[in-house]
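Results of the structural survey
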Amino acid sequence: MSKQTYSFCFCFRRRFRLPLSEAPPEIRTLFDHYSNEQGVMTASHVRSFLVEVQKEESATEEEAQAIIDGHKHLSIFHRRGLNLESFFNYLFSHNNNPPLSPSLGVHQDMSSPLSHYFIYTGHNSYLTGNQLSSDCSDLPIINALQNGVRVIELDIWPNASKDDVDVLHGRTLTSPVALIKCLMSIKQYAFVASEYPVVITLEDHLTPDLQAKVAQMVTQIFGDILFSPSSESLKEFPSPKSLKRRIIISTKPPKEYNEAKDVQEKEEESQKEKPVDDEEAWGKEVPSLRGGTISDYKNIVDEDDLDDGDDTDEAENSRQNASDEYRRLIAIHAGKPKGGLKECLKVDPDTVRRLSLSEIQLEKAAETHGKEIVRFTQRNILRVYPKGTRITSTNYNPLIGWMHGAQMVAFNMQGYGRSLWLMQGMFKANGGCGYVKKPHFLLESGLNDEVFDPKAHLPVKKTLKVTIYMGEGWFHDFKHTHFDQYSPPDFYARVGIAGVPYDTVMKKTGTIEDNWSPSWNEAFVFPLSVPELALLRVEVHEYDMSEKDDFGGQTCLPVWELRSGIRAVPLYSRKGEKYDNVKLLMRFEFI
């Protein structure tokens, strides 16, 4: 249909013309430049365009001809080449011209130790919703694995009769699920999305006899795919490549979880932070790198906040009582040495381990020990997890962990929000395999043993210019009254960078009124001091004068893997599900 009718004031109707998507002026200019006098782009012209504009230096005429052949049904000149319409349709096809190269697949070196990679990590992976009253199930675990998550967390507790093991959040009213069901699901779905290793982190609340039972379960279920190190402690972590299709167990030495004296003090201290909703925080931008929190609940603290892995004398004593079979399962040992933060961050040249810190603990540690954290993560693994007051399963800004080299930035995968979009954007890199190689500056020391300083204001290394031409697809994916009851939507776009504090920024286009296919034709320039940790954020919203603006789609892309040139960028829902038709036409230039 060429027109659309909206009703208002009960008896009046307004009709709006539905404009067809047309090539923006810059696309027309490029077509004129790369076509012959008859208005046709031959294979030679297409190849020149690919090399000079799209920066695909190795493009061949055969590949250019394949593009022409793929658009024969659009061009009356298909025997000779592309006309303007077919050229525009090629550029605006997210299947044929995406912003990240699908052909690259896993392209990073995967033969370095596990500590050299950011790893897609889940938190309380068994919960279906909020942290207090949602059910425990293996379904969230299955969904996480299907989406490429590589670290699954399970809390294991004695069941009501104390003779078996449940997966259960110990301070909630959730219904437990048998551990064996979760382990079987992990085995079945572990390598559906990626062949690289899955790590199971266990929060252990068991007696020694039940630990022995868990050891038997794990051994029988996983069999040969379970990685068991030859010695109790590793001098260096193995590589993802050497651990393909293997399951790894990570936990701390067994101990009793007694309530610490300072629980109330820690909770009161966490309540001092101003409560900020995840959506609102990222809407206003957060160069301070603080995410959202929930602070309306008293006396509720994550078990990890009490004492996640403190390897005290008490723990050592209880460890002696643990079964040998259970200890042999542990490939990545977790724990905190006695003596405070300084001791926790000491690097032992003869062994490697995993350290866990809450988001608040990491923020505080980063203020005084930022370089020490970076040095620690060059060999050891740091896991960061959400604070216990995130009752509704919100998340925090992952950049504070990544910029300090933290490999396991653990997220609640049950909901959605801008922080989770960043996590999903990061792990679009490296073929979506769940492992992203850390930048070299987080892995190496200088001549004088200096390491990367996350606080340093560094010079600009690279500048990204982003042009957002237009968008389309909402008309096909949404009801015509979804955004506005009385007229077509008024779309605007927000484009920005999430990265180190000095790179983090957000900018906004103008609003295009009453148009399902908005054309903004605006360019933005982003100077980047650490492009290796920069994520491009894109959101589209529909302006609403009287209410909160409506959400129209989002995506997050790793800057270091962006394809230069004019690309079709698909958009996703709040939950990270790709829309069928909604997409943007954008150009990326590194200048």
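If you're wondering where the values come from, they're calculated on a predicted model, not measured in any experiment.

Conventions used here
- Residues numbered from 1 in each chain as written.
- Predicted model: local features only at pLDDT ≥ 70, side-chain atom pairs only at ≥ 80, totals over all residues.
- Heavy atoms only, no water.
- Core = buried A, V, L, I, M, F, W, Y, C linked by side-chain atoms within 4.5 Å.
- Buried < 20%, exposed > 50% of the residue type's maximum accessible area, 1.4 Å probe, protein only.
- Helix = DSSP H or I, 4+ residues; strand = E, 2+ residues; numbered from the N terminus.
- Contact = heavy atoms within 4.5 Å.
- Pairing = 2+ DSSP bridges.
- 1 Å grid on protein atoms, 1.4 Å probe; cavity = no way out; pocket = protein on both sides within 12 Å on 5 of 7 lines; lining within 4 Å.
- Points joined across faces, edges and corners; volume = space filled by probe spheres on them.
- Nonpolar A, V, L, I, M, F, W, Y, C, P; charged D, E, K, R; others polar.
- Right-handed = clockwise from strand over helix to strand, strands pointing away.
- Salt bridge = Lys/Arg side-chain N within 4 Å of Asp/Glu carboxyl O.

1. Some words on the nonpolar core
In terms of nonpolar packing, the biggest core is built from 76 residues, with Leu154 and Ile186 touching the most fellow members. At 7 residues, helix H7 (residues 208-222) tops the list of elements feeding residues into this core. Those residues in contact with Leu154, other than ones at most four positions away along the chain, are Tyr126, Ile141, Val167, Leu179, Cys182, Leu183, Ile186, Ile200, Thr201, Leu202 and Glu203.

2. Re the pairing of strand E15 (residues 491-498)
E15 sits mainly inside the fold: 8 of its 8 residues count as buried. Burial along E15 is two-sided: the face carrying Phe491, Ala493, Val495 and Ile497 and the face carrying Tyr492, Arg494, Gly496 and Ala498 are both buried. Where E15 and strand E16 (residues 505-508) come together, 4 bridges link them in antiparallel fashion. Counted as the bridge partner of Arg494 is Lys508 from E16.

3. Some points on the layout of surface pockets
Taken as a whole, the largest pocket holds about 1200 Å³ of empty space. Tyr120, Asn147, Gln424, Tyr572 and Gly576 are, among the 42 residues lining the largest pocket, the residues nearest its centre. Secondary structure elements with two or more residues in the lining of the largest pocket: strand E3 (117-122), helix H5 (139-146), helix H16 (418-426), strand E19 (550-558) and strand E20 (565-572). For the lining of the largest pocket, the leading source of residues is H5, giving 3 residues. The residue inventory of the lining of the largest pocket, partitioned by class, reads 18 nonpolar, 19 polar and 5 charged.

4. Some points on the pairing of strand E11 (residues 381-385)
With respect to burial, E11 is a largely interior element, 5 of its 5 residues being buried. Burial along E11 is two-sided: Ile381, Arg383 and Tyr385 facing one way and Leu382 and Val384 facing the other are all buried. With 5 bridges connecting them, strand E10 (residues 354-358) and E11 associate as parallel partners. What sits directly across from Ser358, in E11, is Tyr385. Tracing the backbone out of E10, into helix H14 (residues 359-377) and back to the parallel element E11 gives a crossover that is right-handed.

5. So, the pattern of salt bridges
Here the idea is simple: oppositely charged side chains can pair when their charged atoms come close. All told, the structure shown has 17 salt bridges when counted by the stated rule. The shortest N-O distance in the salt bridge between Arg563 and Glu56 comes to 3.3 Å. With Arg563 in the loop between E19 and E20 and Glu56 in the loop between helix H2 (43-52) and helix H3 (61-69), the pair connects residues that are 507 residues apart, well separated along the chain. Take Arg563: its relative accessible area is 19%, and that puts it in the buried class. The partner of Lys583 in a salt bridge is Glu472, with the nearest N and O atoms 3.6 Å apart. With Lys583 in strand E21 (residues 578-590) and Glu472 in strand E14 (residues 462-472), the pair connects residues that are 111 residues apart, well separated along the chain. Pair check on accessibility: Lys583 and Glu472 agree, each one buried. Residues participating in the shared-partner salt-bridge network are Arg418, Arg494, Arg537 and Glu539.

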